[in-house]
Amino acid sequence: MALRSVKTPFATPTAAVSSSIVNKPQSFRFASKPRASLAVYNNHHQPISITRSNLIPKLKPSSPAAKFRCSASSSSALTPQLRDTLEKLVNSEKVVLFMKGTRDFPMCGFSNTVVQILKNLNVPFEDVNILENEMLRQGLKEYSNWPTFPQLYIDGEFFGGCDITLEAFQSGELQEVVERAICS
């Protein structure tokens, strides 16, 4: 089933989903609070009712898919080659931000907060969109031992996520750390 557009009688989304961009991250802004059910139209312009409950797959604990998911999550996404690539990347610039989206188009509020802090301090930084590569995204979580994004690296070392960066900015610590890194 290819999705042509998403419509709801209770809200007006500002974007439509097409079958060619289903795997790309999408952002919707609703005029009012969205409801739990949506009207989705298939290729034949026939409405298909989709609710939150039938979007979430139901796996039985004894099913092969459930066992696969468990074993897949325990395997390491950080290969030696990916580790080398990440080390080169975090050391390529004095300040590197792994984020959802780009500095010009952040795709989450936390990433946007860190971008605004760095711009406010006039810090030159490299931004890496982790949404473009799932292997990079999962491997980076292991590399930094930090489960969320954004992730800020200063002078080749993991500094922190949004909350830590915000606290350091408010206390003046971030500016000191960045100045030391840039001057070294």
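This text follows the structure it describes.
Rules and cut-offs
- Residues numbered from 1 in each chain as written.
- Predicted model: local features only at pLDDT ≥ 70, side-chain atom pairs only at ≥ 80, totals over all residues.
- Heavy atoms only, no water.
- Core = buried A, V, L, I, M, F, W, Y, C linked by side-chain atoms within 4.5 Å.
- Buried < 20%, exposed > 50% of the residue type's maximum accessible area, 1.4 Å probe, protein only.
- Helix = DSSP H or I, 4+ residues; strand = E, 2+ residues; numbered from the N terminus.
- Contact = heavy atoms within 4.5 Å.
- Expected span 1.5 Å × (residues − 1).
- Arc of directions from axis to C-beta.
- Pairing = 2+ DSSP bridges.
- Axes fitted to C-alpha atoms, helices over the stretch in contact; angles between N-to-C directions.

### Topic: the nonpolar core
Ranked by internal contacts, the top residues of the largest apolar core, which has 18 residues, are Leu97, Leu118, Leu152, Ile154, Phe159 and Leu174. Taken together, the elements giving at least two residues each to this core come down to strand E4 (95-99), helix H4 (109-120), strand E6 (151-154), helix H6 (162-171) and helix H7 (173-183). Residues within four places of Leu152 in sequence aside, it is in contact with Val95, Val96, Leu97, Leu118, Glu157, Phe158, Phe159, Gly160, Thr165 and Leu174. Judged by nonpolar contacts, the second largest core, of 13 residues, contains Leu78, Val90, Leu136 and Phe149.

### Considering the environment of Val178
Tracing the sequence through the fold places Val178 in helix H7. In this structure the C-alpha to C-alpha distance between Val178 and Leu118, which are 60 residues apart in sequence, comes to 9.6 Å. Contact partners of Val178, with chain neighbours within four places excluded, come to Val123 and Ile154.

### Re H4
Taking 1.5 Å per residue as the helical rise, H4 with its twelve residues ought to reach 16 Å, and the 16 Å between its terminal C-alpha atoms agrees with that figure. Turning to H4, its buried residues are Ser111, Val114, Val115, Ile117 and Leu118. Down the axis of H4, the sector holding all buried residues measures 160 degrees, keeping them to one side. Elements in contact with the buried residues of H4: E4, E6, H6 and H7. Downstream of H4 by one or two residues, Asn122 has phi in the positive range, about 55 degrees.

### Quick word on the environment of Val177
Within the element layout of this structure, Val177 appears in helix H7. It is 9.4 Å that separates the C-alpha atoms of Val177 and Phe159, two residues lying 18 residues apart in sequence. Residues contacting Val177, with those up to four places away along its chain left out, are Ile154 and Phe159.

### Let's talk about the sheet that holds E4
Spatial strand order, E5-E4-E6-E7: four strands in an open sheet with mixed pairing. Each of the sheet's edge strands pairs with one partner strand only, and the pair in question is strand E5 (126-129) and strand E7 (157-160). With strand direction ignored, the average angle separating the axes of adjacent strands in the sheet is 25 degrees. Of the pairings in the sheet, the one linking E4 to E6 comprises four bridges and is antiparallel in character. Its bridge partner lying in E6, Phe98 is registered against Gln151. Running over the sheet, helix H5 (residues 134-144) touches E4, E5, E6 and E7 and is turned about 60 degrees from E6. In the packing of H7 onto the sheet, contacts are made with E6 and E7, and the angle to E6 comes to roughly 45 degrees.

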